[in-house]
Amino acid sequence: MRILITNDDGILSPGLLALARAALDLGEVRVVAPEWETSAQGHAVTLGRPLRLKPTRLFDLDLPYLEAYRVEGTPADCVALGVYDWGGADLVLSGVNLGSNLGHEIWHSGTVAAAKQGYLFGLPAAAFSAPLEAGEPDLKALIPWIRKVLHHLLEGPRPFLVNVNLPPKPKGILWTRQSVRRYGGEVVPTLDPLGREGYWFVPKPQGEAEEGTDRWAVAQGFISLTPLRLDLTDGDWLSGLARPSIA
Ligand code: MN
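Figured I'd write up the structure that's included with this text.

**Re the nonpolar core**
Within soluble globular proteins, side chains that are nonpolar generally end up buried alongside one another.
Here's step 1: One finds Ile5, Val31, Leu93 and Phe128 to be the most contacted residues of the largest nonpolar core, which totals 38 residues.
Here's step 2: Going through the elements one at a time, strand 1 (2-6), helix 1 (14-23), strand 2 (28-34), strand 5 (91-98), strand 6 (125-130), helix 5 (139-155), strand 7 (161-165) and strand 11 (223-227) are the ones with two or more residues in this core.
Here's step 3: When residues of this core are assigned to their parent elements, the largest contribution, 8 residues, is made by helix 5.
Here's step 4: When residues no more than four places from it in sequence are discounted, the contact partners of Phe128 are Leu19, Leu93, Ser94, Gly95, Val96, Asn97, Thr111, Ile146, Val149, Leu150, Val164 and Leu166.
Here's step 5: In terms of nonpolar packing, the next biggest core, distinct from the first, is built from 20 residues, Val32, Val71, Ile106 and Leu228 among them.

Here's what the structure looks like:
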């Protein structure tokens, strides 16, 4: 099995190595990741200039040789180039993102977008993220859990598109739905060192997490697996219409 691994934190992220390490016993691993951090860039793609795959050495003393490439591009670019250059892939994995991708964060996430790009190619794909609230995640401790999740996903129907969030000390694994709480979207003014006005956009969720959601599961200490789909159509709205034609 050819496993393409990417992320949005950039080629040097320790989360990327942790995911590669977790995937190594499942098949052949190749890393194609953004040269720089591209977090919260969502499903952006580069259309205005050509992209290049630059061979890279990733150092982790416990890992066998990893074939790795860096790209001056987005996570979705990396998946497109990686699949093309390898002549295909059997599984696309993204992460481990240093920071959660829960609820509304899925809309902004480059980590999830990379998995989505794999799924758009018809491939099974999963995005892995670890919340940072309790500090830097203990990635080494999470590797056996990532393996467990991967084995579980690969035993099920394919292709799949699954968003995985890993709390610091998991109690178990739960299937969840996406939390759809609104967020404040607060804009906070600030001054830079030259006295110029600037703004911070703060997309922080409001209220308690709804039971059964990704945010709720992780708050309870469970690994959250949320199956995602590409069709964003509001089916209830559509079927509630008296007739599809408006003129
Ligand atoms: Mn990120």
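That covers the picture; the talk isn't over yet.
**Thoughts on the environment of Tyr183**
Here's step 1: Within the secondary structure layout, Tyr183 lies in the loop between strand 8 (173-175) and strand 9 (186-191).
Here's step 2: Here the alpha-carbon distance between Tyr183 and Arg52, two residues 131 residues apart in the chain, equals 37 Å.
Here's step 3: Discounting residues that sit within four places of it in the chain, Tyr183 has contacts with His104, His108, Phe201, Pro203, Lys204, Pro205 and Gln206.

**Regarding unusual backbone geometry**
Here's step 1: Geometrically, the link from Gly95 to Val96 is a cis peptide bond, its omega value of -10° lying close to zero.
Here's step 2: Going from Arg158 to Pro159, the amide bond is cis rather than trans, its omega being -5°.
Here's step 3: In this structure, Ala40 takes a positive phi of about 60° despite not being glycine.

**With respect to helix 2 (residues 75-86)**
Here's step 1: Along its 12 residues, helix 2 runs 16 Å from first to last C-alpha, staying within 8% of the 16 Å computed at 1.5 Å per residue.
Here's step 2: By the criterion of burial, helix 2 is predominantly enclosed, with 9 of the 12 residues buried.
Here's step 3: The complete set of buried residues in helix 2 reads Pro75, Ala76, Asp77, Cys78, Val79, Leu81, Gly82, Val83 and Trp86.
Here's step 4: Of the surrounding elements, those touching the buried residues of helix 2 are strand 1, strand 2, strand 4 (67-71), strand 5 and helix 4 (110-120).
Here's step 5: Remark: Gly87 follows helix 2 within two positions and exhibits a positive phi of approximately 70°.

**Description of the pattern of salt bridges**
Any two side chains of opposite charge can pair, on the condition that their charged atoms come close.
Here's step 1: What the rule picks out here adds up to 8 salt bridges.
Here's step 2: The residue Glu67 makes a salt bridge to Arg30 at a minimum N-O spacing of 3.4 Å. Of the two residues, Glu67 sits in strand 4 while Arg30 sits in strand 2, which places them 37 residues apart along the sequence.
Here's step 3: In this structure Glu67 comes out as partly exposed when scored by relative accessible area, which is 24%.
Here's step 4: Here Lys54 ties to Glu72 by a salt bridge, and the two come within 2.7 Å at their closest N and O atoms. Here Glu72 lies in the loop between strand 4 and helix 2 and Lys54 lies in strand 3 (residues 54-56), a separation of 18 residues in the sequence.
Here's step 5: Taking relative accessible area as the criterion, Lys54 reaches 23% and is therefore assigned partly exposed.

**Concerning the coordination of the manganese ion**
Here's step 1: Each protein donor to the manganese ion is listed here as Asp8 (OD), Asp9 (OD), Ser39 (OG) and Asn97 (OD1); together their distances run 2.0 to 2.2 Å.
Here's step 2: Each donor residue of the manganese ion belongs to the same chain, with the gaps between them written as D-D-x29-S-x57-N. Taken as a pair, Asp8 and Asp9 share a single burial class, namely buried.

**What to know about helix 1**
Here's step 1: Burial analysis of helix 1 places 9 of its 10 residues in the buried class, which makes it a mostly covered element.
Here's step 2: Where helix 1 is buried, its residues touch strand 1, strand 2, strand 5, strand 6 and helix 5.
Here's step 3: Of the residues flanking the start of helix 1, the one acting as N-cap is Ser13, its side-chain oxygen 3.1 Å from the backbone nitrogen of Gly15.

**Describing the layout of surface pockets**
Here's step 1: Of the pockets and cavities examined, the largest pocket occupies roughly 580 Å³.
Here's step 2: Considering the residues around the largest pocket, the lining is formed by 23 residues, among which Trp107, Gln178, Leu228, Arg229 and Leu232 are closest to the centre.
Here's step 3: Looking at the lining of the largest pocket element by element, the count peaks at 3 residues for helix 4.
Here's step 4: Residue composition of the lining of the largest pocket, by class: 10 nonpolar, 8 polar and 5 charged.

How each quantity is defined
Every chain is numbered independently, its residues counted from 1 as its sequence is written. It should be noted that, the model being predicted, local features are given only for residues of pLDDT at least 70 and side-chain atom pairs only at 80 or more, the latter also being counted only at that level, while totals for whole chains, interfaces and linings use all residues. Side-chain numbers come from the whole structure's heavy atoms, not from hydrogens or water. Take the buried residues of types Ala, Val, Leu, Ile, Met, Phe, Trp, Tyr and Cys, join any two whose side-chain atoms come within 4.5 Å, and each joined set is a nonpolar core. Buried, partly exposed and exposed residues are distinguished by accessible area as a fraction of the type maximum, computed with a 1.4 Å probe on protein chains only: under 20%, between the cut-offs, and over 50%, respectively. We count a stretch as a helix when DSSP gives it H or I for four or more residues in a row; a strand needs E for two or more, and each element gets its number in order from the N terminus. Contacts are residue-level and defined by heavy atoms, with any inter-residue pair within 4.5 Å sufficient. Expected helix span is given by 1.5 Å per residue-to-residue step, counting one fewer step than there are residues. The salt bridge definition used is simple: a Lys or Arg side-chain nitrogen within 4 Å of an Asp or Glu carboxyl oxygen. Here a donor is an N, O or S atom found within 2.8 Å of the metal, or within 3.2 Å if the metal is Na, K or Ca; sites may look incomplete because water is not among the atoms. Distance and chemistry together define a polar contact, namely a pair of N or O atoms within 3.5 Å, with one atom able to donate a hydrogen and the other to accept it when in protein, and with adjacent residues in sequence counting only for side-chain atoms on both sides. Only protein atoms enter the 1 Å grid, on which a cavity is a set of points fitting a 1.4 Å probe that cannot get out and a pocket is an open set with protein on both sides within 12 Å along at least 5 of 7 lines, lining residues being those with an atom within 4 Å of a point. Grid points are joined across faces, edges and corners, and a volume is the space filled by probe spheres set on the points. Under this grouping Gly is polar, as are all residues other than the nonpolar Ala, Val, Leu, Ile, Met, Phe, Trp, Tyr, Cys and Pro and the charged Asp, Glu, Lys and Arg.

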